[in-house]
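Results of the structural survey
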Amino acid sequence: MAIDKAMNVLIVDDYKTMLRIIRNLLKQIEFNNVEEATDGAEALAKLRAGAFGLVISDWNMAPMTGLQLLQEVRSDARLKSTPFIMITAESKTENVVAAKAAGVSNYIVKPFNAETLREKIEKVLGHA
Amino acid sequence: MHEPSFGILHDLAAEPVLEERMAILRARYPAARTDAVADVVRTMLATMRGDLTAQEASLLSEVEALGRTIAAAKAEIAELKVTDINANHIPSATDELDAIVAHTASATDSILEVCETLDGIGELLGKDGASPDCADASARLQEATTRIYEACSFQDITGQRITKVVATLKAIETKISLLVEAFGGRAPGEAPVAKIADVELLNGPQLPANAMDQSDIDRLLASFD
């Protein structure tokens with residue numbers, strides 16, 4: 001089964017430059033329907049209002065962290081099965097464990113490249 | 001053995017007349033150095049050892065040693081100019097670091113903008129019906145821009161690292177403040193120092209808030225004509 005690259009992808013990061021970079025990298029791997037959110041609350045509002053096939057979120061945000069956003073998503077009956085990729089500069093074991101326990105679909109450590117992004121997305125969507 | 005002299009000294013210190021006499025002496029001899037006076041008192045106390053018990057003499061000696069240690073510590077802190085570190089160096093360093101983050105963010109945005117333009121050109125080159133050469137050029141262009149996008153993520157990482165350094169500097173600043181406070185607000189012998197300014201030296205780029213832009217420079221130069 002081919003990946004539906006027309007799906008809506010929500011990218012979440014409080015750093016706009018990073019959103020721009022991720023959006024462009026997604027475009028390079030042919031995901032063109034990308035929406036952005038600069039914090040957890042905005043992300044939740046967009047997720048609840050729309051239909052997204054994938055969430056890619058930074059961890060290190062305030063006031064709601066990426067981990068808290070993930071927990072909110074997983075506790076929402078409608079959103080709980082949405083694939084969720086966490087991106088972070090923190091590569092500590094305990095962080096990865098905490099994210100996994102909260103139900104993260106995959107975890108990307110910064111800095112990353114387009115190939116890593118493509119590979120993780122394919123894996124998350126079940127096409128590794 | 002006589003009663004120790006501490007009681008007498010204590011009574012004298014509490015005596016208002018003594019306070020007045022001290023004030024008169026200070027007015028009459030403004031150049032008198034407190035450390036010289038303390039030295040005289042110390043010598044005098046040394047001559048009174050016979051009046052003290054062995055335990056009291058030992059205690060006095062320890063107190064004197066403690067006093068010397070504190071004086072030495074104060075002198076060392078003065079040498080370090082710690083208040084200068086807090087008043088100038090750390091705020092200046094954190095401002096510079098913040099400026100680095102702002103400038104690299106701005107440069108990264110410019111790079112991304114150019115990259116997006118190149119992507120647009122690549123798409124035009126590779127659109128349906130393009131010659132093999134154009135299609136190849138388009139693919140190569142996209143590969144190049146992908147590398148640029150990837151490289152630009154350095155900005156996020158360096159920004160986070162610099163933020164950590166700024167937090168560390170602020171923690172040091174707090175600890176220095178506590179240290180200076182413990183020594184009575186200012187380290188001995190330390191005179192207030194003017195804030196480090198780009199007064200005479202060329203210290204690299206100014207912070208944006210203090211800097212003139214090119215149009216300001218142009219106007220200034222034109223005013224000489």
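Here is a short report on the structure shown in this document. Quick caveat: nothing in here was measured; it's all calculated off a predicted structure.

Assigned secondary structure in chain A consists of 5 helices and 5 strands. When each of the 128 residues of chain A is scored for burial, the buried share is 48%. Across chain A, contacts joining residues at least 24 apart in sequence account for 63% of those joining residues at least 6 apart. For chain A, the accessible area works out to roughly 5800 Å², and carbon and sulfur atoms hold 50% of it.

A grouping of Met22(B), Leu25(B) and Tyr29(B) is seen on the molecular surface, where their side chains present a nonpolar patch of about 290 Å² in accessible area. Relative to the helices and strands, Met22(B) resides in helix H2 (residues 16-28).

To continue, consider the packing of aromatic side chains. Residues and elements named next belong to chain A. Counting across every chain of the model gives 1 aromatic pair over all chains. Taking 6.4 Å as the distance between ring centres and 75° as the angle between the ring planes, the aromatic pair formed by Trp59 and Tyr107 counts as edge-to-face. With a gap of 48 residues between them, Trp59 in the loop between strand S3 (54-58) and helix H3 (66-74) and Tyr107 in strand S5 (residues 106-109) connect regions that are remote in the sequence. Of the two residues, Trp59 and Tyr107, both sit in the buried class.

Right, let's get into the interface of chain B and chain A. Contact residues are listed per partner, giving 20 residues for chain B and 18 residues for chain A. In total, about 1600 Å² of surface goes out of reach between chain B and chain A, with carbon and sulfur atoms giving 50% of it. Three residues stand out in chain B for area buried against chain A, namely Tyr149(B), Glu150(B) and Asp156(B), and they jointly supply 29% of the buried area on that side. Along the contact surface separating chain B from chain A lie 4 salt bridges. Residue Asp109(B) is joined to Arg20(A) by a salt bridge in which the shortest nitrogen-to-oxygen separation is 3.9 Å. Looking at the side of chain B that touches chain A, the elements with two or more residues in it are helix H5 (82-125), helix H6 (132-152) and helix H7 (154-182) of chain B. For the side of chain B that touches chain A, the element with the highest residue contribution is H5(B), accounting for 8 residues. Grouping the amino acids of the side of chain B that touches chain A by side-chain chemistry returns 5 nonpolar, 7 polar and 8 charged.

Before going further, it helps to spend a moment on the packing of helix H2 (residues 40-49) of chain A against H3(A). Residue and element names in this part refer to chain A. With their axes 10 Å apart at the nearest point, H2 and H3 run at an angle of 25° to one another. Taken together, H2 and H3 sit at an angle that is classed as roughly parallel. Considering the relative orientation of H2 and H3, their crossing is right-handed. For the pair H2 and H3, contact is made by Gly40, Ala43, Leu44, Leu47 and Arg48 and by Leu69, Glu72 and Val73, respectively. Its residues assigned to classes, the contact of H2 with H3 shows 5 nonpolar, 1 polar and 2 charged.

Rules used in this analysis
- Residues numbered from 1 in each chain as written.
- Chains lettered and ligands numbered in written order.
- Predicted model: local features only at pLDDT ≥ 70, side-chain atom pairs only at ≥ 80, totals over all residues.
- Heavy atoms only, no water.
- Helix = DSSP H or I, 4+ residues; strand = E, 2+ residues; numbered from the N terminus.
- Buried < 20%, exposed > 50% of the residue type's maximum accessible area, 1.4 Å probe, protein only.
- Contact = heavy atoms within 4.5 Å.
- Areas by Shrake-Rupley, 256 points an atom, 1.4 Å probe, with all protein chains shown as cover.
- Patch = residues over 30% accessible without salt bridge, like charges linked within 9 Å, V, L, I, M, F, W, Y side chains within 5 Å.
- Salt bridge = Lys/Arg side-chain N within 4 Å of Asp/Glu carboxyl O.
- Phe/Tyr/Trp six-rings, centres within 6.5 Å; stacked < 30°, edge-to-face > 60°.
- Buried area = accessible area lost by both parts, 1.4 Å probe.
- Nonpolar A, V, L, I, M, F, W, Y, C, P; charged D, E, K, R; others polar.
- Axes fitted to C-alpha atoms, helices over the stretch in contact; angles between N-to-C directions.
- Parallel < 35°, antiparallel > 145°, perpendicular 65-115°, else oblique.
- Left-handed = near helix turned anticlockwise from the far one by under 90°.

It is worth stressing that arrangement in space is one thing and function is another; only the former is reported here.
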